[in-house]
Amino acid sequence: MRVCPTEALRVSEGKAHLLENRCIDCGECYRVCPTHAITVEQDDFTQIFSYDHRIALIPSVLLGQFPEDASREQVAQALLNIGFTSIIEVEDSVEYLIVKLNEYLRNNPNKPVISSFCPAIVRLVQVKFPSLVDNIALVRPPLDLTALYIKNSLTAQGVPEDKIGIFYVTPCAAKIVAIRKPEGEEKSEITGIINMDFIYNRILHEVKHGIVPTEGARVISELSPRSHTWALTTGESAHIEGRCLAIDGIWNAIEFLEKVENEEVSGIDFIELRACDESCAGGILNPGNRFLAADAIRKNAGEVGLWNIDGISQKIKDYKERVGSQTGLQPLSPRSMLKLDEDMAHAMLKMKRVNRLMCYLPGIDCGVCGAPTCLSLAEDIVKGRGSVSQCVFLQKIMEQSKLDPSHSFRIMKKIWGVNRFRKDCDKPVSNK
Amino acid sequence: MHFEYRVQGGDFVRAGQASSQVKKILKQLNVASQIIKRIVVALYEGEVNIVAHAFQGKIYVDIETDKVRVVLDDVGPGIPDIEMAMRPGFSTASPIVREMGFGAGMGLPNIKENTDKMKISSVVGVGTRLEFVVNLKE
């Protein structure tokens, strides 16, 4: 509850509940939940067989999960064995994207431009920094561009659109939501999402049994070194013109966006912001360790050797032809979560009530009431979704006059569930 | 609604705290983000002015449904020539302050640009009072 950067979690009836309009899908709660009660919705795997062309879109991070013992070809073979017909890396579009981002920066007066790469960051700006929404680069992220490129290339060869299934193996929850409910585009080009655990287990199983790749087993995309490392911290900022910053970790991003919003920082052209520590290598659905994964990805990039300049410029040309007119995102709209009321006069009354409540609440943010901070409880009360008697401190005071102790007991059971009051040595506890 | 903040002269580490708090309040009151931006930029400039030039100061913010009025009162050296201080690029900031990236001489002009009404009064050797108003409705 307290790790949530937008204070979107509340506990009641013994369970954590999500205030949907505040959630930015960053997955910080998923990371720390002691009972792994939070699950990420995924699509049914067998659906891939409804399509003739079954494309696995894999992030470079997936290849980074197998540090020493799996080759690109083995991973490709394992994916073919599961039932995919071709395998391509998400970062295939990165070289084209670099050209487009630099173009965008040259023509955009809203500095600093904020990268649209990380969907959790895009949502963070929408809900918490609405005045910075216009700073987000209206350029599609690599996932969309690559998917679009595959789709357009196949349809150009005469393949009907309903025969193409593009499936993404995701390291993070935010990208799933970005695919289901996209911001800045009508619909996502991705057909479905494949469980990272499922793929990881399957590949590792095959690798451990010494899978031998056949002739045709390969990842189609041939990435440049900087495409390999795009999803890592400084992956973007190192290749954008001007003064660029790279910031990873959701709290670091919030701290910096505060400064940007106050115009305390100037002269910065581009900020790469990623919700996860170590960027996508730290994605919540990755089974491996983030530092080892980042190291493995850098190693993969190092093994590319000499740049195939002709190949890269050809690829940029191809992308321009196939997706050139569809590179941009539609303007994004703010979704401010902070307002107490639409009407300012009402909001002022509510704020006065919040301030008055804060005089009574203890201000130690214990979380026993089921809200992450005293302030958030006060706001909940004013918004009609909380009550003063949820606070244990105020309960003690009320017990002196009007509150029956057994009533305060019932209130606590209602928030945390009956089980919390049982003598039980196996109670789930946080190990952090 | 009325809010007050204390500002310590010379404390650049904490400069900007009042602006951040006021920004949060205005967001909660559902003020349009473009207007919040103007108020916060003006307030931040004013806050940094106190930190850079004065010994200490107080900020009073009054929020009404149609306007926000801010008064920044400081105890400090005062401004001998206000007209001169209003000129873009003019600054009396000490070299140390300039080294910290402040004192470009754009503070007061920037406040004027972002507000609907602005007034400065100052007594040399006593202090300065800066007042500004930003209208919330066209």
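Keep in mind the model is a prediction, meaning the values are calculated, not measured.

Thresholds, definitions, all that
Residues numbered from 1 in each chain as written. Chains lettered and ligands numbered in written order. Predicted model: local features only at pLDDT ≥ 70, side-chain atom pairs only at ≥ 80, totals over all residues. Helix = DSSP H or I, 4+ residues; strand = E, 2+ residues; numbered from the N terminus. Rg over C-alpha atoms; globule rule 2.2 N^0.38 Å. Buried ≥ 20, exposed ≤ 12 C-beta atoms within 10 Å, placed from the backbone. Contact = placed C-beta atoms within 7 Å. Pairing = 2+ DSSP bridges. Axes fitted to C-alpha atoms, helices over the stretch in contact; angles between N-to-C directions. Domains from an automatic or database assignment. Nonpolar A, V, L, I, M, F, W, Y, C, P; charged D, E, K, R; others polar. Core = buried A, V, L, I, M, F, W, Y, C linked by C-beta atoms within 7 Å. Parallel < 35°, antiparallel > 145°, perpendicular 65-115°, else oblique. Right-handed = clockwise from strand over helix to strand, strands pointing away. Left-handed = near helix turned anticlockwise from the far one by under 90°.

S.K.: What exactly am I supposed to notice about the overall build of chain B here?
M.R.: Of the regular secondary structure elements, chain B holds five helices and five strands. Reading chain B from its N end, one meets helices and strands in the order β-α-α-β-β-α-α-α-β-β. Relative to its length of 138 residues, chain B is compact, with a C-alpha radius of gyration of 14 Å against a globular reference of 14 Å. In terms of overall dimensions, chain B has C-alpha extents of about 40 × 30 × 25 Å along its principal axes. Out of the 138 residues in chain B, the part that is buried amounts to 37%. Put simply, 60% of the contacts in chain B that link residues at least 6 apart link residues at least 24 apart.

S.K.: I tried to follow the overall build of chain A on my own but got confused; where do I start?
M.R.: Looking only at helices and strands, chain A has 16 helices and nine strands in total. Its C-alpha atoms give chain A a radius of gyration of 24 Å, within 12% of the compact-globule value 22 Å for 432 residues. Across its three principal axes, chain A shows a C-alpha extent of roughly 80 × 55 × 40 Å. Here chain A, with 432 residues, has 40% of them falling under the buried criterion. In chain A, once contacts between residues fewer than 6 apart in sequence are set aside, the share between residues at least 24 apart is 77%.

S.K.: What is the right way to look at the sheet that holds strand E3 (residues 67-75) of chain B in this model?
M.R.: Pairing between the strands of a sheet is mediated by backbone hydrogen bonds and can be parallel or antiparallel. All names here are of chain B. Taken in spatial order, the five strands of this open sheet run E1-E2-E3-E5-E4, and their pairing is antiparallel. The open sheet terminates on both sides in strands that have one partner only, identified here as strand E1 (2-8) and strand E4 (117-123). Strand-to-strand twist across the sheet, computed as the mean angle between neighbouring axes with direction ignored, equals 10°.

S.K.: Would you take a moment to explain the domain arrangement of chain A for this structure?
M.R.: For an interface, size is often stated in terms of accessible area lost upon the parts coming together. Looking at chain A, the domain boundaries give domain 1 (45-326) and domain 2 (339-421). Between the C-alpha centres of domain 1 of chain A and domain 2 of chain A there is a distance of 43 Å.

S.K.: What's the story with the sheet that holds strand E3 (residues 53-58) of chain A in this structure? I'm lost.
M.R.: Residues and elements named next belong to chain A. Strands sit in the order E4-E3-E6-E7 across an open sheet of four strands; the sheet is parallel. Because the sheet does not close on itself, it has two edges, and the strands there are strand E4 (86-89) and strand E7 (192-194). The average angle at which neighbouring strand axes cross in this sheet is 30°, direction not considered. In the sheet, E3 pairs with strand E6 (residues 164-169) via five bridges, with the strands oriented parallel. Paired with Leu-57 across the strands is Tyr-168, a residue of E6. Packing against the sheet, helix H6 (residues 142-156) makes contact with E3, E4 and E6, and its axis sits at approximately 160° to E6.

S.K.: Can you help me understand the interface of chain A and chain B in this one?
M.R.: Taken together, the 20 residues of chain A in the interface contact 18 residues of chain B. Secondary-structure elements contributing two or more residues to the side of chain A that touches chain B are helix H10 (250-261) and helix H13 (344-360) of chain A. At six residues, the largest contribution of residues to the side of chain A that touches chain B is made by H13(A). Its residues assigned to classes, the side of chain A that touches chain B comprises nine nonpolar, three polar and eight charged.

S.K.: What exactly am I supposed to notice about the nonpolar core here?
M.R.: One finds A:Ala56, A:Leu57, A:Ile121, A:Val125, A:Tyr168 and A:Ala275 to be the most contacted residues of the largest nonpolar core, which totals 87 residues. At six residues, H6(A) tops the list of elements feeding residues into this core. Counting 49 residues, the second largest nonpolar core, distinct from the first, contains A:Ala371, B:Ala15, B:Val51 and B:Val70.

S.K.: Can you help me understand the packing of helix H4 (residues 94-106) of chain A against helix H12 (residues 309-323) of chain A in this one?
M.R.: How two helices sit against one another is set out by the angle between their axes and by the gap between those axes. All names here are of chain A. Following both chains from N to C, one finds H4 and H12 inclined at 70°, their axes separated by 8 Å at the closest point. Judged by the angle between their axes, H4 and H12 are roughly perpendicular. Note on element contacts: H12 touches H4 through Ile-312, Lys-315, Ile-316, Tyr-319 and Lys-320, opposite Glu-95, Tyr-96 and Val-99. When the residues that make up the contact of H4 with H12 are grouped by side-chain class, the tally is five nonpolar, no polar and three charged.

S.K.: How should the pairing of E6(A) be read in this particular structure?
M.R.: All names here are of chain A. Of all six residues in E6, six are buried; the element is thus mostly enclosed. With burial as the criterion, each face of E6 is covered, one bearing Ile-164, Ile-166 and Tyr-168 and the other bearing Gly-165, Phe-167 and Val-169. As paired elements, E6 and E7 share three bridges and run parallel to each other. The residue bridging Val-169 from the neighbouring strand is Ile-194, located in E7. As for the winding sense of the linkage, the β-α-β connection from E6 through helix H7 (residues 173-180) to E7 is right-handed.

S.K.: Can you walk me through the environment of A:Ile150 in this structure?
M.R.: Along the chain, A:Ile150 turns up in helix H6. Along the chain, A:Ile150 and A:Thr327 lie 177 residues apart, while their C-alpha atoms are 14 Å from each other.

S.K.: Explain the packing of helix H2 (residues 33-53) of chain B against helix H5 (residues 107-114) of chain B to me, please; I cannot follow it from the model alone.
M.R.: Residue and element names in this part refer to chain B. Axis separation between H2 and H5 bottoms out at 9 Å; the angle between their running directions is 155°. Relative to H5, H2 is oriented roughly antiparallel. Here the hand of the crossing between H2 and H5 comes out left-handed. Residues Arg-38, Val-41, Ala-42, Glu-45, Gly-46, Val-48 and Asn-49 of H2 pack against Gly-107, Asn-110, Ile-111 and Asn-114 of H5. Across the contact of H2 with H5, the residue classes tally to four nonpolar, five polar and two charged.

S.K.: Before we go on, may I ask you to explain H7(A) in this structure?
M.R.: Owing to its 3.6 residues per turn, the α-helix brings residues three or four apart onto one side. Burial within H7(A) is extensive, with six of its eight residues counted as buried. Within the span of H7(A), buried status applies to A:Ala173, A:Ala174, A:Lys175, A:Ile176, A:Ala178 and A:Ile179.

S.K.: What's the story with the environment of A:Tyr96 in this structure? I'm lost.
M.R.: Residues and elements named next belong to chain A. With respect to the element layout, Tyr-96 can be found in helix H4. For Tyr-96, a count of 25 C-beta atoms within 10 Å corresponds to the buried category. In this structure the C-alpha to C-alpha distance between Tyr-96 and Ser-313, which are 217 residues apart in sequence, comes to 8.7 Å. Non-local contacts of Tyr-96, meaning those with residues more than four positions away in its chain, are made with Leu-145, Lys-315, Ile-316, Tyr-319 and Lys-320.

S.K.: How should I be thinking about unusual backbone geometry in this particular structure?
M.R.: If a residue is not glycine, its phi is most likely negative; likewise, a peptide bond is most likely trans. Residues and elements named next belong to chain A. Backbone torsion omega between Lys-111 and Pro-112 reads -5°, so that peptide bond is classified as cis. With respect to the helices and strands, the residue Pro-112 is situated in the loop between H4 and strand E5 (113-114). Despite not being glycine, Glu-13 has its phi angle at roughly 55°, a positive value. Residue class for Glu-13 comes out exposed when judged on the 12 C-beta atoms lying within 10 Å of it. Even without being glycine, Asp-365 reaches a positive phi, approximately 50°. Summarising the element assignment, Asp-365 is placed in the loop between H13 and helix H14 (374-382). Its 16 C-beta neighbours within 10 Å are what place Asp-365 among the partly exposed residues.

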